[in-house]
Amino acid sequence: MTLKATRSQTDVLDVLRQHGGALSAYDVLGTLRMTNPTISAPTIYRALAALAASGRVHRLASVSAYIAAAPTTVGNTAILSICDDCGLVEQNAAPDLLTELTKLAEQSGFSEMNDVIELHGRCASCVGSMEQA
């Protein structure tokens, strides 16, 4: 069952989709305050939490930001490759990876695995520009 999104959730998701990259909650707040000066930070955080729980948004914990989920990652384990130079975030789906990681973690007594995996490095553009320098 899909729950109907609130106006705040729809607005937040629209901002993330229009930007196309990762934004902090306060970046989203700043954008939405242009059209709704009374919107508050708690409203943004509630909307982001609900969107993340439904899989429509991914939280990038390592950089305190959020990104709209690519259609291929909704309902799948998302592998987010984050460029440490330019901030580009590439999204890939790995449907079976979380199952395997969960099995490995349970062998050590861990549970409650996250369904987003973050990888840090340099994107092809940044690597190419460093090689040309």
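Because the structure is predicted, anything quoted here is derived from the model rather than measured.

What counts and how
Along each chain, numbering runs from 1 in the same order as the chain's sequence is written. The predicted origin of the model limits local features to residues at a pLDDT of at least 70 and limits the giving and counting of side-chain atom pairs to 80 or more, whereas totals for whole chains, interfaces and linings rest on all residues. To get the side-chain values, take all heavy atoms of the structure and skip hydrogens and water. For helices, the fitted line uses only the C-alpha atoms of the stretch in contact; every axis is such a line through C-alpha atoms, and the angle between N-to-C directions lies from 0 to 180 degrees. Counting from the N terminus, the helices are the DSSP runs of H or I reaching at least four residues and the strands are the DSSP runs of E reaching at least two. Oblique is the label for every angle not falling under 35 degrees (roughly parallel), over 145 degrees (roughly antiparallel), or within 65 to 115 degrees (roughly perpendicular). Two residues form a contact once any of their heavy atoms are found within 4.5 Å. Basically, the charged four are Asp, Glu, Lys and Arg, the nonpolar ten are Ala, Val, Leu, Ile, Met, Phe, Trp, Tyr, Cys and Pro, and anything else, Gly included, counts as polar. In the sections that follow, a salt bridge refers to a side-chain nitrogen of Lys or Arg positioned within 4 Å of a carboxyl oxygen of Asp or Glu. A 1.4 Å probe rolled over the protein chains alone gives each residue an accessible area, and that area as a share of the maximum for its type sets the label: buried under 20%, exposed over 50%, partly exposed in between.

Draft legend 1. View of the packing of helix H1 (residues 7–19) against helix H2 (residues 25–33). One way to put it is that H1 packs onto H2 with a least axis distance of 10 Å and a crossing angle of 105°. In terms of orientation, H1 lies roughly perpendicular with respect to H2. Note on element contacts: H2 touches H1 through Val28, Thr31 and Leu32, opposite Asp11, Val12, Val15 and Leu16. Looking at the contact of H1 with H2 residue by residue, the class counts come to five nonpolar, one polar and one charged.

Draft legend 2. View of the pattern of salt bridges. Scanning the entire structure with this criterion turns up three salt bridges. Residue Glu100 is joined to Lys103 by a salt bridge in which the shortest nitrogen-to-oxygen separation is 3.6 Å. On the criterion of helical spacing, the pair formed by Glu100 and Lys103 is a turn pair, its members being three residues apart in helix H4 (residues 97–107). Overall, Glu100 belongs to the partly exposed group, its relative accessible area being 43%. For Lys103, a relative accessible area of 47% corresponds to the partly exposed category.

Remember, this is a structural readout, not a statement about activity or role.
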